[in-house]
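Next come the chains, spelled out residue by residue.
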There are 2 protein chains.
Amino acid sequence: MHLSSVCLAKPVLYSYFRSSCSWRVRIAFALKGIEYNLVPVNLIKDGGQQRSEQYSKLNPMQQVPAVEIDGITLCQSLAVIQYIDETRPGPCLLPVDPKARAKVRMISDLIASGIQPIQNLSVLQKVGEEKVPWGQHFINRGFQALEPILKETSGKYCVGDEISMADICLVPQVYNAERFKVDIGQYPTIRKINETLLELEAFKVSHPSHQPDTPANLQA
Amino acid sequence: MHLSSVCLAKPVLYSYFRSSCSWRVRIAFALKGIEYNLVPVNLIKDGGQQRSEQYSKLNPMQQVPAVEIDGITLCQSLAVIQYIDETRPGPCLLPVDPKARAKVRMISDLIASGIQPIQNLSVLQKVGEEKVPWGQHFINRGFQALEPILKETSGKYCVGDEISMADICLVPQVYNAERFKVDIGQYPTIRKINETLLELEAFKVSHPSHQPDTPANLQA
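Quick caveat: nothing in here was measured; it's all calculated off a predicted structure.

Further remarks concern the packing of aromatic side chains. When we look at a pair of aromatic rings, we describe it by the centre distance and by the angle of the planes. Tallying each qualifying case throughout the model produces 13 aromatic pairs over all chains. Ring geometry for Phe29 of chain B versus Tyr36 of chain B: centroids 4.7 Å apart, planes at 25°, classification stacked. Taking relative accessible area as the criterion, Phe29 of chain B reaches 0% and is therefore assigned buried. One aromatic cluster is present, formed by Trp134 and Phe138 of chain A together with Trp134 and Phe138 of chain B through successive ring pairs.

Right under this line is the structure:
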């Protein structure tokens, strides 16, 4: 479903350079060729700017991203990505075939519900000292499930040879895994797809090391 | 998108009576009027039947639900629900308007990514003794965000006056909240929509207290 739409204002993306969910939306905008204004939200500074009264009105979950687009405010990265896909021209982020769409959503949700939420900042702050082994445990559990699924569904990318929302979820999750020092070599299919995707312009320009709010010492 | 489809075999749902993600799929089947065969997977017995070699092939995440449908196996409840919606006739589980669809997905994902995964069985087993306050904390955090969102989006149901995937996610999450003794009275919009939905036949027949694997002492 691709409805063309006249947009008077550029979308506004509230983003943190290192947030994997923000990165997902940055990739989607880049793949679609959509220009946007980025407002950085520093998740660490001032006890977390996402907790401010002003930002909490945009995203009551006090998480990034939030997106102002077409007169509405959306949170939850996959809802944003599918909204963009359904209202903007450009490459489809979900395939047309219902079974392939289902596989894309299954892989996306395995990451977006099954891995990322359990190793995100607010959970790790609650876990405390054990946060590194905790993150490793849940990322490894997720990747152990994802690897055999991708072996069946993948071609060049996660589902066949077309880029999809599943790929948009995969790369930022591998980035998180590397931060937790998970051995990606255990997951050859994940590793190979990730390497292929990182060569693409949309994944490069949206990378955490190239954002307006990336600290100087982390810029690539 | 509603493609009619000839289905030779009934779908098979691997389900646990008390699993909120299994319940989501049971509601969707009931709303659509789809008959299915249910295979119980006991998450507690034998150290968890979801960990068996046989079941792990169906769902490598070792979680319920899994669904065999139209010759493929799908996991992740929202992927299953959207596949059903896109391939079966009956009431639409997502609205046609893109903005309304986005709101339905935002609410669904707030629950399915932002709350449920952090209070599910595998995480609680890792948390250990502190599991009740842990669950309460993350359910309350999610409901504190959901309440103001629903105040804006809801009519009779989560988004306007039509039942959607958001409602399918809400009711099982409220059920979980009650198991954790969260005070639902703090969230009047959530409580009201939940009560309205529980009156509907699709939510009754799919309820954890009415499943083939519901223990006798928990049957309503």
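And the narrative resumes.
Look at the UniProt record and you will see "domain: GST C-terminal" (unreviewed entry) annotated at residues 97–216 of chain A. A distance of 44 Å separates the end C-alpha atoms of residues 97–216 of chain A, which is 63% helix and 0% strand.

A few words on the interface of chain A and chain B. If you look at the interface, chain A gives 44 residues, while chain B gives 43 residues. Of the roughly 3,900 Å² buried where chain A meets chain B, counting both sides, 70% is carbon and sulfur surface. Between the two partners, chain A and chain B, sit four salt bridges. For Arg101 of chain A, the salt bridge is made with Glu86 of chain B, and the minimal N-O distance between the two is 2.8 Å. Every element with two or more residues in the side of chain A that touches chain B is listed here: strand 4 (72–75), helix 3 (77–87), helix 4 (98–112), helix 5 (121–127) and helix 6 (131–153) of chain A. When residues of the side of chain A that touches chain B are assigned to their parent elements, the largest contribution, ten residues, is made by helix 4 of chain A. Looking at the side of chain A that touches chain B residue by residue, the classes come out as 25 nonpolar, ten polar and nine charged.

With that out of the way, let us pick up the sheet that holds strand 4 (residues 72–75) of chain B. Residue and element names in this part refer to chain B. Taken in spatial order, the four strands of this open sheet run 2-1-3-4, and their pairing is mixed. Since the sheet does not close on itself, it has two edges, and those belong to strand 2 (37–40) and strand 4, each with one partner. Between one strand axis and the next, the sheet turns by 20° as a mean value, whatever way the strands run. Looking at chain direction, strand 3 (residues 66–69) and strand 4 are connected through four bridges and run antiparallel. Directly across from Glu68, in strand 4, lies its bridge partner Thr73. The strands touched by helix 1 (residues 20–32) within the sheet are strand 1 (12–15), strand 2 and strand 3, with strand 1 carrying the most contacts at an inclination of about 150°.

To continue, consider the UniProt feature "domain: GST N-terminal" (unreviewed entry) in chain A. Following the UniProt record, one finds the feature "domain: GST N-terminal" (unreviewed entry) at residues 9–92 of chain A. Segment residues 9–92 of chain A splits into 36% helix and 19% strand. End C-alpha atoms: 22 Å apart.

In this section: the relation of the copies chain A and chain B. Overlaying chain A on chain B yields an RMSD of 0.0 Å, the required transformation being a rotation through 180° with an accompanying axial translation of 0.0 Å. Both copies are brought into coincidence by an operation consistent with a two-fold rotation axis. Ranked by how close their C-alpha atoms come to the rotation axis, the residues of chain A are headed by Ser113 of chain A, at 2.1 Å. Most of the interface of chain A is mirrored in chain B, where 98% of its interface residues again form contacts.

Quick look at the sheet that holds strand 3 (residues 66–69) of chain A now. Residue and element names in this part refer to chain A. With respect to topology, four strands assemble into an open sheet ordered 2-1-3-4, the strand pairing being mixed. The open sheet terminates on both sides in strands that have one partner only, identified here as strand 2 (37–40) and strand 4. Recorded for the sheet is a direction-independent mean angle of 20° between the axes of neighbouring strands. Pairing analysis gives four bridges linking strand 1 (residues 12–15) to strand 2, with the strands arranged parallel. Paired with Tyr14 across the bridge in strand 2 is Val39.

The next subject is the environment of Val12 of chain B. All names here are of chain B. Mapped onto the fold, Val12 is located in strand 1. In this structure the C-alpha to C-alpha distance between Val12 and Val67, which are 55 residues apart in sequence, comes to 5.6 Å. Apart from the residues lying within four places of it in its own chain, the contact partners of Val12 are Asn37, Val39, Ala66, Val67 and Glu68.

As a further point, take unusual backbone geometry. The amide bond that connects Val64 of chain A to the next residue, Pro65 of chain A, takes the cis arrangement and shows omega of 0°. Among the secondary structure elements, Pro65 of chain A is positioned in the loop between helix 2 (53–58) and strand 3. In this model, Asp70 of chain A sits at a positive phi of 55°, which is unusual for a non-glycine residue. Mapped onto the secondary structure, Asp70 of chain A falls in the loop between strand 3 and strand 4. In this structure Asp70 of chain A comes out as partly exposed when scored by relative accessible area, which is 23%. Even without glycine at this site, Gln62 of chain B takes up a positive phi of about 55°. Secondary-structure assignment places Gln62 of chain B in the loop between helix 2 (53–58) and strand 3.

Residues and elements named next belong to chain A. One way to put it is that helix 6 packs onto helix 8 (residues 188–198) with a least axis distance of 8 Å and a crossing angle of 75°. Between helix 6 and helix 8, the crossing angle belongs to the class labelled roughly perpendicular. Along the contact surface, helix 6 presents Phe143, Leu146, Glu147, Leu150 and Lys151, while helix 8 presents Pro188, Thr189, Ile190 and Ile193. For the contact of helix 6 with helix 8, a count of residues per class yields six nonpolar, one polar and two charged.

Quick look at the environment of Cys21 of chain B now. All names here are of chain B. Within the element layout of this structure, Cys21 appears in helix 1. Relative accessible area serves as the criterion here: at 11%, Cys21 is assigned to the buried category. The contacts of Cys21, once residues within four sequence positions are left out, are Val64, Pro65, Ser77 and Gln116.

Another aspect to go through is the domain arrangement of chain A. When the parts of a complex come together, some accessible area is lost, and that lost area is often taken as the interface size. Residue and element names in this part refer to chain A. Taken domain by domain, chain A comprises domain 1 (12–90) and domain 2 (98–204). One C-alpha centre belongs to domain 1, the other to domain 2, and the line joining them spans 20 Å. Interface area, domain 1 with domain 2, both sides summed: about 1,700 Å², of which 67% is carbon and sulfur. When the buried surface of domain 1 facing domain 2 is broken down by residue, Arg18, Trp23 and Arg24 rank first, second and third, together holding 33% of it.

Conventions adopted
Residues numbered from 1 in each chain as written. Chains lettered and ligands numbered in written order. Predicted model: local features only at pLDDT ≥ 70, side-chain atom pairs only at ≥ 80, totals over all residues. Heavy atoms only, no water. Phe/Tyr/Trp six-rings, centres within 6.5 Å; stacked < 30°, edge-to-face > 60°. Buried < 20%, exposed > 50% of the residue type's maximum accessible area, 1.4 Å probe, protein only. UniProt positions renumbered as here; feature names shortened; annotations may be inferred. Helix = DSSP H or I, 4+ residues; strand = E, 2+ residues; numbered from the N terminus. Contact = heavy atoms within 4.5 Å. Buried area = accessible area lost by both parts, 1.4 Å probe. Salt bridge = Lys/Arg side-chain N within 4 Å of Asp/Glu carboxyl O. Nonpolar A, V, L, I, M, F, W, Y, C, P; charged D, E, K, R; others polar. Pairing = 2+ DSSP bridges. Axes fitted to C-alpha atoms, helices over the stretch in contact; angles between N-to-C directions. Least-squares fit on C-alpha atoms with pLDDT ≥ 70 in both. Parallel < 35°, antiparallel > 145°, perpendicular 65-115°, else oblique. Domains from an automatic or database assignment.

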